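# Working through the structure, step by step
One letter stands for each residue in the lines below.
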Amino acid sequence: MSAVSDSRRASILGTGLIGSSVALALKGQGWIVSGVDGDESRAREAEAAGVIDAVGLDSAADLVVVAVPVSSLAAAVAAALLACPAATVTDVGSVKAAIARRVHDPRFVGGHPMAGSEQDGLKGADATLFNGATWVLTPTETTDANRYADLRATIMSIGADVVELPPERHDALVALVSHVPHLTAATLMGLAASQAEEHSALLRLAAGGFRDMTRIAAGHPAIWPDICVENRDAILDGLDALSDALAAVRATVAEGDRSGLLVKLEAARAARINLPARFATAEELVELRIPVPDRKGVLAEITTLAGDLDVSIVDLEIAHSVEGDRGVLIVTIDALASDRVSAALIERGYKPSASPVGR
């Protein structure tokens, strides 16, 4: 489909939970959104529900969001790049290195919203699903800087916090904080269910802690075989690390080491309490202005450097020079991280300058 409009236009490939939620969130920001699905009846259902404005792939789209299983991502992204020649194309897959190896178009930016619901498909679609959620972007040396900045702003406009990571780093971290926990929750739930066959009262005794730990096991199971194949090595590393940690806890319990166990539990409690939260005020933020050469890869180098330092970029802007081949990358970060990021940039030959936000 194609049409002329003052509104920005997006197409969604895949009208499941995430794709439909992205569609609703973009529509809430005034976008005109079309959509397609491998099952056309689902796309028609999304249109009837008002999730998308029309069924079809919009050749005039400014943005295409590919929300298909990770095993189908590369083919779907390639098709979107071909069908929508002016569009920035991104995806929502939870494995990023594989697609980064296969797609090298400057219009493509890998992405992964860390959000979900126990409800499957269209019935779980929610325009507010990404409010406060972390949305990872994985720029590479081929990524177009202006398209990246525009996509980043669009994602933040629907409420998400953007974090930049190299694709391989993303996969290793997500294996630890998402993939392994899901497999652990499913395994624990399976263990309890198997014992419940012999002890009928067991699941009736399931209290809040057990329910909290196993909640994610209620998620849609069909996506997980693909994820485990595509991110196998990182998941195996995470499972091995978990096995070693559980063995260490087992030894502590077996030895009756009360003080050792208390140390482990207190450290875990402190880590859980100190999970990062969103910034509240401008006073907590600093603006770094970084003169950069006009060359491929500089955006990915700087944004992924921040990710490697565990520093979130709150805002990002690119100021181009009217003459020459240089510009200024303006990033807003946590004030407490400013010196650390500046030092790392200086080590790499950049000359950043910092100023508090609002001054």
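Residues numbered from 1 in each chain as written. Predicted model: local features only at pLDDT ≥ 70, side-chain atom pairs only at ≥ 80, totals over all residues. Heavy atoms only, no water.

### A few points about unusual backbone geometry
Quick note on the threshold: Per-residue accessibility, obtained with a 1.4 Å probe over protein chains only, is compared with the maximum for each type, and a residue is labelled buried under 20%, exposed over 50%, and partly exposed between these values.
Look at Asp310: it is not a glycine, yet its phi comes out positive at around 60°. A residue is classified by how much of its surface remains accessible, and Asp310, at 70% relative accessible area, is exposed.

### Considerations on the packing of helix α6 (residues 167-196) against helix α9 (residues 232-254)
This is how the line gets drawn: Note on method: axes are straight lines fitted to C-alpha atoms, helices fitted across the in-contact stretch only, with angles between N-to-C directions ranging 0 to 180 degrees. What counts as a helix is a DSSP run of H or I of at least four residues, what counts as a strand is a run of E of at least two, and both are numbered from the N terminus. In this scheme the crossing of two helices becomes right-handed for a clockwise turn of the near helix relative to the far one and left-handed for an anticlockwise turn of less than a right angle. Residue contacts follow a heavy-atom distance rule, with two residues in contact if any of their heavy atoms lie within 4.5 Å. Side-chain classes are defined by residue name, with Ala, Val, Leu, Ile, Met, Phe, Trp, Tyr, Cys and Pro counting as nonpolar, Asp, Glu, Lys and Arg as charged, and the others, Gly among them, as polar.
The contact between α6 and α9 brings their axes to 8 Å, and the two run at 65°. The two elements α6 and α9 meet at a crossing, and its hand is right-handed. In this structure, α6 contributes Asp171, Ala172, Ala175, His179, Val180, Leu183 and Thr184 to the contact, and α9 contributes Ala234, Ile235, Gly238, Leu239 and Leu242. Grouping the amino acids of the contact of α6 with α9 by side-chain chemistry returns eight nonpolar, three polar and one charged.

### Side note on the nonpolar core
Soluble globular proteins tend to bury their nonpolar side chains together. Here is the rule: What is meant by a nonpolar core is a set of buried Ala, Val, Leu, Ile, Met, Phe, Trp, Tyr and Cys residues, joined one to another through side-chain atoms within 4.5 Å.
The biggest cluster of nonpolar side chains holds 49 residues, and the ones touching the most others in it are Phe130, Trp135 and Ile290. Those residues in contact with Ile290 that lie beyond four places of it in its chain are Ile302, Gly327, Val328, Leu329, Val331, Leu345, Tyr350 and Pro352. With 23 residues, the next largest nonpolar core counts Val77, Cys84, Val103 and Ala175 among its residues.

### Quick notes on the side chain of Thr332
Of note, Thr332 is situated in strand β11 (residues 326-334). By relative accessible area, Thr332 is classed as buried at 10%. Other than its neighbours up to four places away in sequence, Thr332 contacts Leu285, Val286, Glu287, Ser312, Ile313, Val314, Asp315 and Val357.

### Overview of the pairing of strand β5 (residues 88-91)
Test applied: Each pair of strands is called paired provided DSSP finds at least two bridges between the two strands. If you view a crossover with the strands going away from you and the path from the first strand over the helix to the second runs clockwise, you call it right-handed.
Because side chains alternate across β5, one face comprises the buried residues Thr88 and Thr90, and the other comprises Val89 and Asp91, equally buried. In this sheet, β5 lies alongside strand β4 (residues 63-66) in parallel orientation, the contact comprising four bridges. Bridging from a neighbouring strand, Val66 pairs with Asp91 of β5. A crossover connection joins β4 to the parallel β5 through helix α3 (residues 73-83); in handedness this β-α-β unit is right-handed. Where β5 meets strand β6 (residues 108-114), two bridges bridge the pair, whose relative direction is parallel. Bridging from a neighbouring strand, Val89 pairs with Phe108 of β6. Assessed by its sense of winding, the connection that carries the chain from β5 through helix α4 (residues 97-102) to β6 is right-handed.

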